[in-house]
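Spelled out from the first residue to the last, the chains are:
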Amino acid sequence: MRTTGVAALSLALMLAPMPLAPAAAQAPAKGVTEPAPKAVPGFWDPRRRPERPDLSRLTVIRFLTETDYPPFNFTGADGNPAGFNVDLARALCEEIKVTCTVQMRRFETLLDAVASNRGDAIIASLAVTPQTRARVDFTDPYYRAPARFVSRKDAAQPELRPESLEGKKVGAISGSSHEAYLKVMFTDAELVPYPNDEALRAALRRGEVDYIFGDAISLAFWINGTDSADCCAFSGGPFVESRYFGEGVGIAVRKGNDLLRQALNWALFRVWEKGRYTDLWLRYFSVSPF
């Protein structure tokens, strides 16, 4: 499954705000008001540096990705694979100093392709779930799909807690993990279900609800796109409780391929430590889901 945050997941009773890293640290000039730095997700603990594995046995990595899931994977203007996942794969290859290829395939064929040795690693926004773990091994997560609230711009709040939504109308997709989360954690809000994203977002534009709650990645692109008509903005921070919104997204390798998994974990940490992950994130996410 992709990380869309829409599939219903098992319930839990925790709020878990995501730790963020500022994307810029340069001090503004005196008297000049600088925009707030964009939030970039950080999934690596600098105190837990992975050991460098023996990379001499790695001669090539055949990455697999899917054909059409922008901005993560898509066909570039030159006909070659492009997107956040593809650029991250190339950065990992440079760090490991190994030859890599990136092949695009239909999403539903990726797991079988790795199992049958037609590829070594899947970097295609594949969500870490009990079902996918049964078929492949995963690296550490390199991003998550958090949930967030969106309001009209004139009502945006820096922080939202259950008590602040008392009596407010909040829209969510019917049957989704986001709806389930609201039912447990925001019991004083008036929950308004909608059948799909289009209906949900139209309701906010028309002022029928005070907030909507859903997948932050897709909402970030809607906020920044023409369909929103510049109406709306995120309110409050991200929610990443794994039992609602998943364990995150990792790179998948064949069961038991510990050498490749450890090499990729080491390279992911190095790419993040050097700031290259932040550069990639800001290139593809002009409105941060975090």
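Just so it is clear, the model here is predicted, and its values are computed rather than measured.

> Any chance you could explain the sheet that holds strand β8 (residues 136-138) here in plain terms?
Two modes of strand pairing occur in sheets, parallel and antiparallel, and in both the strands are linked by backbone hydrogen bonds. In space, the 5 strands of this open sheet follow the order β6-β3-β7-β14-β8, with mixed pairing throughout. The open sheet has two edge strands with one neighbour each: β6 (99-105) and β8. Pairing between strand β7 (residues 121-122) and strand β14 (residues 252-254): 2 bridges, direction antiparallel. Each bridged residue has a counterpart across the sheet, and for I122 the counterpart in β14 is A252. Running at roughly 170 degrees to strand β3 (residues 60-66), helix α1 (residues 84-96) makes contact with β3 and β6 of the sheet.

> Is there a simple way to think about the environment of T132 in this case?
Summarising the element assignment, T132 is placed in helix α3 (residues 130-133). The class for T132 is buried, based on a relative accessible area of 5%. As a C-alpha pair, T132 and L111 span 21 residues in sequence and 8.5 Å in three-dimensional space. Reaching out from T132, the side chain makes a polar contact with the backbone nitrogen of T129 at a distance of 2.9 Å.

> What should I look at first to understand unusual backbone geometry in this one?
Leaving glycine out, the prevailing phi sign among residues is negative, and the prevailing peptide bond configuration is trans. For the peptide bond that leads from P70 to P71, omega is 5 degrees, which places it in the cis range. Position of P71 among the secondary structure elements: in the loop between β3 and β4 (74-75). With phi around 65 degrees, K97 is a residue other than glycine that occupies positive phi space. Topologically, K97 is positioned in the loop between α1 and β6.

> For this particular structure, what's the right way to read the nonpolar core?
The nonpolar side chains of soluble globular proteins are, as a tendency, buried together. F84, L88, Y142 and L264 are the most contacted members of the largest nonpolar core, which totals 40 residues. Going through the elements one at a time, β3, α1, α8 (258-273) and α9 (276-284) are the ones with two or more residues in this core. Broken down by element, this core gets its largest block of residues, 9 residues, from α8.

> Explain the confidence of the model for the protein to me, please; I cannot follow it from the model alone.
Any region with low pLDDT has predicted coordinates that should not be read closely. Looking at the protein as a whole, its pLDDT mean stands at 86, while 86% of the residues score no less than 70. Below pLDDT 50 for its whole length, residues 4-37 participates in 62 contacts with residues either more than four positions away or in separate chains.

> Could you clarify how one ought to interpret the state of the cysteines in this entry?
Chemically, a disulfide is nothing more than a covalent bond linking the sulfur atoms of two cysteines. Counting across every chain of the model gives 2 disulfides. Residue pairing for C93: its cysteine sulfur links by disulfide to C100, the two sulfurs lying 2.0 Å apart. Note on the C93 and C100 pair: the S-S dihedral is about -105 degrees, so by sign convention the disulfide is left-handed. The residue that forms a disulfide with C231 is C232, at a sulfur-sulfur distance of 2.2 Å. The sign of the -100 degrees torsion about the S-S bond sets the C231-C232 disulfide as left-handed.

> I'm lost on the sheet that holds strand β13 (residues 232-239) in this one. Help?
One open sheet holds the 5 strands; their spatial order is β11-β10-β12-β9-β13, and the pairing between them is mixed. Looking at the sheet topology across the chains shown, the edges are occupied by β11 (190-194) and β13. If you compare each strand with its neighbour and ignore which way they point, the axes differ by 30 degrees on average. Two elements, strand β10 (residues 169-173) and strand β12 (residues 211-215), share 2 bridges in a ladder whose sense is parallel. Within β12, the position partnered with V170 by the bridge is Y211. Of the strands in this sheet, β9 (147-152), β10, β11, β12 and β13 are in contact with helix α5 (residues 197-205), which crosses β12 at around 150 degrees. Running over the sheet, helix α6 (residues 216-224) touches β9, β12 and β13 and is turned about 120 degrees from β12.

> I keep staring at the side chain of E241 and nothing clicks. Help me out?
Inspection of the secondary structure assignment puts E241 in the loop between β13 and α7 (242-245). There is a polar contact of 2.9 Å between the side chain of E241 and the backbone nitrogen of R243.

> What exactly am I supposed to notice about the packing of α5 against α6 here?
Two numbers describe a pair of packed helices, the interaxial angle and the distance between the axes. Between α5 and α6, the shortest axis-to-axis distance is 13 Å and the interhelical angle comes to 50 degrees. Classified by the angle between their axes, α5 and α6 sit oblique to one another. Considering only the axes of α5 and α6, their crossing is right-handed. Contact with α5, carried on its side by R201, L204 and R205, involves S218, L219 and W222 of α6 and no other residues of that element. Among the residues making up the contact of α5 with α6, the classes are represented as 3 nonpolar, 1 polar and 2 charged.

Calculation rules
- Residues numbered from 1 in each chain as written.
- Predicted model: local features only at pLDDT ≥ 70, side-chain atom pairs only at ≥ 80, totals over all residues.
- Heavy atoms only, no water.
- Pairing = 2+ DSSP bridges.
- Helix = DSSP H or I, 4+ residues; strand = E, 2+ residues; numbered from the N terminus.
- Contact = heavy atoms within 4.5 Å.
- Axes fitted to C-alpha atoms, helices over the stretch in contact; angles between N-to-C directions.
- Buried < 20%, exposed > 50% of the residue type's maximum accessible area, 1.4 Å probe, protein only.
- Polar contact = N/O pair within 3.5 Å; in protein donor to acceptor, adjacent residues only side chain to side chain.
- Core = buried A, V, L, I, M, F, W, Y, C linked by side-chain atoms within 4.5 Å.
- pLDDT = per-residue confidence, 0-100.
- Disulfide = S-S within 2.5 Å.
- Parallel < 35°, antiparallel > 145°, perpendicular 65-115°, else oblique.
- Left-handed = near helix turned anticlockwise from the far one by under 90°.
- Nonpolar A, V, L, I, M, F, W, Y, C, P; charged D, E, K, R; others polar.

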